[in-house]
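Observations on chain architecture
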Amino acid sequence: MKLKRNIKYFAHPTAEIHETAVIGDGSKVWNYSQIRENVTIGKNCILGKNVYLDFGVTVGDNVKFQNNCSIYHGAVIEDGVFIGPHVILTNDKYPKAVNEDGTIKTDADWVVGNILIKKGASVGAGSIVLPGITIGEGAMVGAGSVVTKDVKAGSVVFGNPAKEYAKES
Amino acid sequence: MKLKRNIKYFAHPTAEIHETAVIGDGSKVWNYSQIRENVTIGKNCILGKNVYLDFGVTVGDNVKFQNNCSIYHGAVIEDGVFIGPHVILTNDKYPKAVNEDGTIKTDADWVVGNILIKKGASVGAGSIVLPGITIGEGAMVGAGSVVTKDVKAGSVVFGNPAKEYAKES
Amino acid sequence: MKLKRNIKYFAHPTAEIHETAVIGDGSKVWNYSQIRENVTIGKNCILGKNVYLDFGVTVGDNVKFQNNCSIYHGAVIEDGVFIGPHVILTNDKYPKAVNEDGTIKTDADWVVGNILIKKGASVGAGSIVLPGITIGEGAMVGAGSVVTKDVKAGSVVFGNPAKEYAKES
């Protein structure tokens, strides 16, 4: 079954957008980016170069993805979120290439750890978010962070592992 | 001299595979990946998007490379290894663009620090492995780690620098 | 206005070079790299695969950029600098996708934090440099660092946040 693509958004000729993806008006998808099956993207989003949205990822309006970020299956990204360059939203806490019997793992062979990035939050350059994490509304994750715990709304965290910013530190 | 390519593997049309590379049956090489001179890849491997295997890299069977990982010359990766997205296996401890005389360095101008990733090990998303490191059989390197010391077989390490996981910490 | 391109450098057919960019003799630009408006690159530079130079970036002679590095607007890189794979030179200390009124931010909506990498310095694999930082002449930033403070000439720093190397540590 082929769904008709919404043509009110811009896609660079080298972008690869699956026919089941839905993209809102005014959004822009730049070079070498890939949008997989059943992705939903809202209005006026910007996806930079070589962005990867895995199957089923859900994105609100006015979201910015910088170059080379990789967003895996299970992620939900609300309105006005900023995803910095090279950011990874992971989905597998104990990744393995093979099952116990030595055969290569498929999508059916693990439990996805869903990530939720709430309205207006920012994830700084090169940060990595572990499976199952929620980043609260308006929170800011500093560049180069590894986020291993939920982040409170409005807070600022950074480091590896990411910790909440405290003025006296 | 042109060697005949093994055609029992899948390569995306945008993948660039050098004619001297050998790739095992059932392996898949996805978009924008590049496989350089004299690389050897075993059977049933999966190379995601924009994976880079530098010249001479050796890979066993059932190995998974996620998007955007960069594997430099000198790396040996055994069967069943998982290499997460954006992982870098480096090979130069003191990288410099230029020699003492100001001329730009070439491949002949440094000593390669070989990396060995043993059977069934996993290197989590965004991790960086320094030159000369061995990661033991079945070991797990957590996401966002910088691996500066050898990792024991079966152990779990994470952090920058990566340390062995201890329950009391 | 179309400027005439200097044709004494090499560019891979998949590289995208803006017509206003100036590139010195003997430089090489590899696959999927992108060089934006008003970038200046000196002689004998090497840009690996999927390198991104944002508009207005200035690069000296004999500079090496490894695969997948992202250099944002405001960066000045002097002669003989080494930029490792996946390095990010950022330019926005408090990135947000949207303005206070909910509209998506444009280039006009923030103050750029300029980065200066001085002669002969090296930035190791996967490192991230925060806005406004200067890295001194001949300094070495270890792999996986997050550079949050200026780095002295000739010093060695690493870690997250990057600290100066001391033998007793």
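A quick note: this is a predicted structure, and the numbers were derived from the prediction, not measured.

Moving on to the overall build of chain A. A tally of regular secondary structure across chain A gives 0 helices and 22 strands. Whereas a compact globule of 169 residues would reach a radius of gyration of roughly 15 Å, chain A reaches 16 Å, a difference of no more than 12%. Judged by the C-alpha coordinates and their principal axes, chain A covers about 55 × 45 × 20 Å. By the burial criterion, 54% of the 169 residues in chain A qualify as buried.

Another point: the interface of chain A and chain C. At the junction of the two partners, chain A supplies 25 residues and chain C supplies 20 residues. Considered class by class, the residues forming the side of chain A that touches chain C number 8 nonpolar, 15 polar and 2 charged.

This paragraph deals with the sheet that holds strand 4 (residues 28-29) of chain A. Residues and elements named next belong to chain A. Taken in spatial order, the 9 strands of this open sheet run 1-4-7-10-13-16-19-21-22, and their pairing is mixed. Looking at the sheet topology across the chains shown, the edges are occupied by strand 1 (10-11) and strand 22 (163-164). Here 2 bridges tie strand 13 (residues 82-83) to strand 16 (residues 122-123), and the two strands are oriented parallel to one another. Bridge pairing links I83 to V123 in strand 16.

A separate point is the environment of A:A153. Residues and elements named next belong to chain A. Note that A153 resides in the loop between strand 20 (146-147) and strand 21 (156-158). We classify A153 as partly exposed; it has 14 C-beta atoms within 10 Å. Residues A153 and D92, 61 residues apart in the sequence, show an inter-C-alpha distance of 24 Å. Once residues lying within four places of it in the same chain are set aside, the contact partners of A153 are K118, G136, E137, G138 and A139.

Our next topic: the sheet that holds strand 1 (residues 10-11) of chain B. Strand pairing in a sheet takes place through backbone hydrogen bonds and is either antiparallel or parallel in direction. Residues and elements named next belong to chain B. Strand order in this open sheet of 9 strands is 1-4-7-10-13-16-19-21-22, and the pairing throughout is mixed. One side of each edge strand has no neighbouring strand; the edge strands of this open sheet are strand 1 and strand 22 (163-164). Across 2 bridges, the pairing between strand 1 and strand 4 (residues 28-29) is parallel. Of the residues in strand 4, the one forming a bridge with A11 is V29.

Taken together, the contact between chain A and chain B spans 20 residues of the former and 25 residues of the latter. Here the residues of the side of chain A that touches chain B are counted per class, giving 11 nonpolar, 8 polar and 1 charged.

What follows concerns the relation of the copies chain A and chain C. Structural alignment of chain A on chain C gives an RMSD of 0.0 Å, achieved by rotating through 120 degrees and translating 0.0 Å along the axis. These values place the two chain copies in the arrangement generated by a three-fold rotation axis. Within chain A, A:N160 has its C-alpha nearest the rotation axis, a separation of 4.0 Å.

Within the element layout of this structure, A:A108 appears in the loop between strand 14 (88-89) and strand 15 (115-117). C-alpha of A:A108 to C-alpha of A:T134: the two residues are 26 residues apart in sequence and 24 Å apart in space.

Bringing unusual backbone geometry into the picture now. With omega at 0 degrees, the peptide bond leading from B:N160 into B:P161 counts as cis. Despite not being glycine, A:N50 has its phi angle at roughly 55 degrees, a positive value. Considering the arrangement of structural elements, one finds A:N50 in the loop between strand 7 (46-47) and strand 8 (52-53). Located in the positive-phi region is B:N44, a residue other than glycine, with phi close to 55 degrees.

Moving on, we come to the confidence of the model for chain A. Reading predicted coordinates in detail is not appropriate for stretches of low pLDDT. With 93% of its residues at a pLDDT of 70 or more, chain A has an overall mean of 91. Two summary scores accompany this predicted model of the complex, namely pTM at 0.92 and ipTM at 0.91.

Criteria and cut-off values
Residues numbered from 1 in each chain as written. Chains lettered and ligands numbered in written order. Predicted model: local features only at pLDDT ≥ 70, side-chain atom pairs only at ≥ 80, totals over all residues. Helix = DSSP H or I, 4+ residues; strand = E, 2+ residues; numbered from the N terminus. Rg over C-alpha atoms; globule rule 2.2 N^0.38 Å. Buried ≥ 20, exposed ≤ 12 C-beta atoms within 10 Å, placed from the backbone. Contact = placed C-beta atoms within 7 Å. Nonpolar A, V, L, I, M, F, W, Y, C, P; charged D, E, K, R; others polar. Pairing = 2+ DSSP bridges. Least-squares fit on C-alpha atoms with pLDDT ≥ 70 in both. pLDDT = per-residue confidence, 0-100.

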